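Residue strings, one per chain:
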Number of protein chains: 2
Amino acid sequence: MIEIDLIRHVKVIGKPALYGCTDVEPIATENGNLLDYLITRQQTDKAYHNIICSPLRRCERLAQAFSSRCNLPLEVVQDFQEINFGCFDGVPFDDIPFSVEADNSAVVNSTNEKVQVVNWSKLDDFFQAPADAALPEAEVLADFYHRVTFAWQKIIVQHIGITTENKELKIPQRMLILTHGGVIRIILAHILQLDWQQASWHQKLQIGHGSLSRIVISQPYQEGEHHSFARLSSHQQYQKLHQQVTTIAMPLLDGHSA
Amino acid sequence: MIEIDLIRHVKVIGKPALYGCTDVEPIATENGNLLDYLITRQQTDKAYHNIICSPLRRCERLAQAFSSRCNLPLEVVQDFQEINFGCFDGVPFDDIPFSVEADNSAVVNSTNEKVQVVNWSKLDDFFQAPADAALPEAEVLADFYHRVTFAWQKIIVQHIGITTENKELKIPQRMLILTHGGVIRIILAHILQLDWQQASWHQKLQIGHGSLSRIVISQPYQEGEHHSFARLSSHQQYQKLHQQVTTIAMPLLDGHSA
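These lines cover the structure that appears in this document, whether it is placed above or below. None of these values were measured; they are calculated from a predicted model.

## So, the pairing of strand S5 (residues 211-218) of chain A
All names here are of chain A. Among the eight residues in S5, six count as buried, and that is most of the element. Pairing between strand S1 (residues 2-8) and S5: six bridges, direction antiparallel. Considered in S5, the bridge of Asp-5 is made with Arg-214. Two strands pair when backbone bridges link them, and S5 and strand S6 (residues 242-251) are joined in this way by seven bridges, in the antiparallel orientation. Bridging from a neighbouring strand, Ile-217 pairs with Gln-243 of S6.

## Re the relation of the copies chain A and chain B
Rotating chain A by 180° about the axis while translating it 0.0 Å along that axis superimposes it on chain B, leaving an RMSD of 0.0 Å. The transformation just described matches what one would write down for a two-fold rotation axis. In terms of proximity to the rotation axis, the leading residue of chain A is Ile248(A), whose C-alpha is 2.4 Å off the axis. Mapped onto chain B, 96% of the interface residues of chain A are again interface residues, and the two copies thus contact each other with one and the same surface.

## So, the packing of helix H1 (residues 28-41) of chain B against helix H2 (residues 57-70) of chain B
Residues and elements named next belong to chain B. Contact pair H1 / H2: the axes reach a minimum separation of 10 Å and the direction vectors enclose 35°. For the pair H1 and H2, the crossing hand works out as right-handed. Contact residues: Asn-31, Leu-34, Leu-35, Leu-38 and Ile-39 in H1; Arg-61, Leu-62, Ala-65, Phe-66, Arg-69 and Cys-70 in H2. Tallied by class, the residues present in the contact of H1 with H2 amount to eight nonpolar, one polar and two charged.

The rules behind each value
Residues numbered from 1 in each chain as written. Chains lettered and ligands numbered in written order. Predicted model: local features only at pLDDT ≥ 70, side-chain atom pairs only at ≥ 80, totals over all residues. Buried ≥ 20, exposed ≤ 12 C-beta atoms within 10 Å, placed from the backbone. Helix = DSSP H or I, 4+ residues; strand = E, 2+ residues; numbered from the N terminus. Pairing = 2+ DSSP bridges. Least-squares fit on C-alpha atoms with pLDDT ≥ 70 in both. Contact = placed C-beta atoms within 7 Å. Axes fitted to C-alpha atoms, helices over the stretch in contact; angles between N-to-C directions. Left-handed = near helix turned anticlockwise from the far one by under 90°. Nonpolar A, V, L, I, M, F, W, Y, C, P; charged D, E, K, R; others polar.

Dropping the structure here:
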């Protein structure tokens, strides 16, 4: 059995905006609180065995600190980066013109580069149909879905490989993935086999900052079948696994008592 | 704003089985632990204002105890009962014949009544396509969906009605609903606008015993518009609300620290 916790990074420094590839800093105090939580947990029987994180600072800062404090292997996975929101990425909502007439206005984003046409009607279109109305110069939702789920499958098959070689199969492996709200929503949709193109999945499900979502993966075959499982291709191995979602967006920082 | 916590009852007394309308008792120690948790929470600034529960003992026992200990209004809602699994309801999995040849065998259920044809292949068909392969004498999934979502809408509109008359709109209302895994999954699918007929939603999402799922509901209109909102039909009022899922299946009993 493998238990994988997907934790979203804490709140970031900066005005309210769509932060995708823009590499903003996490709020230090909140990051510290989450680090304390993880270190405390590490002293229980639910300790993690390894950490994976997005390369962006709001995830990596915490992953590095936790890894070095608790001596845990850390892997940075590029494909667990947030979606790239193109011309809207990092542009404060307050700086986005409201009116449709302002369609041809150009605004300046946080890195002071002139960006393409940015306005609320484009953003509204995207929120209403994220799979169809891509933002200018942004990553297409289908591409985002494929890169995230491909990376997920790769990691899972790697780790299942490790547990089949491990004689003590009963000991659960625990993995921590520090990543983004969009990435977590995509992984959940993949495992639940939901329509990831549907706007409501992105609009109505809040993945809070510093929240935990859990996936439990088990191998459905008998112990005697290890050898035949090992002969399957990675993709066939992946298809044989039982993946279940057992918790979504459990808040870790603002009181577990909810 | 209204915050609604959907808590699933604790584990029940009895052999592993599909328990739908069968009125089994909750395990007393676990029920006691959940009661203690709720009473402690009630002393914080996140206290509940009212309780709603399913009429079945595994939910109602706790609701009654919490209501009387903390002096909270309690409403028993028939429509928040679990789905009725028909001939399979309450029949221990161990007593269900495996082989297809055993197709015509009849087994005796926990109430000692002779029940219709019960076997694993029927159960497998149901798990693979719960909306199409109804169990014998069971409630059809579509009927279950409609009774639960109708009851949900009725309760929400009632409570939104209460908050519009309430001058202090900023104070969140907190409601606790004690109900079943199937009911919670239906309400979540309704709010997330997912395909509730899809087998994977029922198979891959575990709603643990004693776990909490949270819905946050807000009124999108300005304070000046109360009067026009009040003139809308209940259904129109419901359509105007913003409903979001902020947590799914957060474990409350086996350590909040996950």
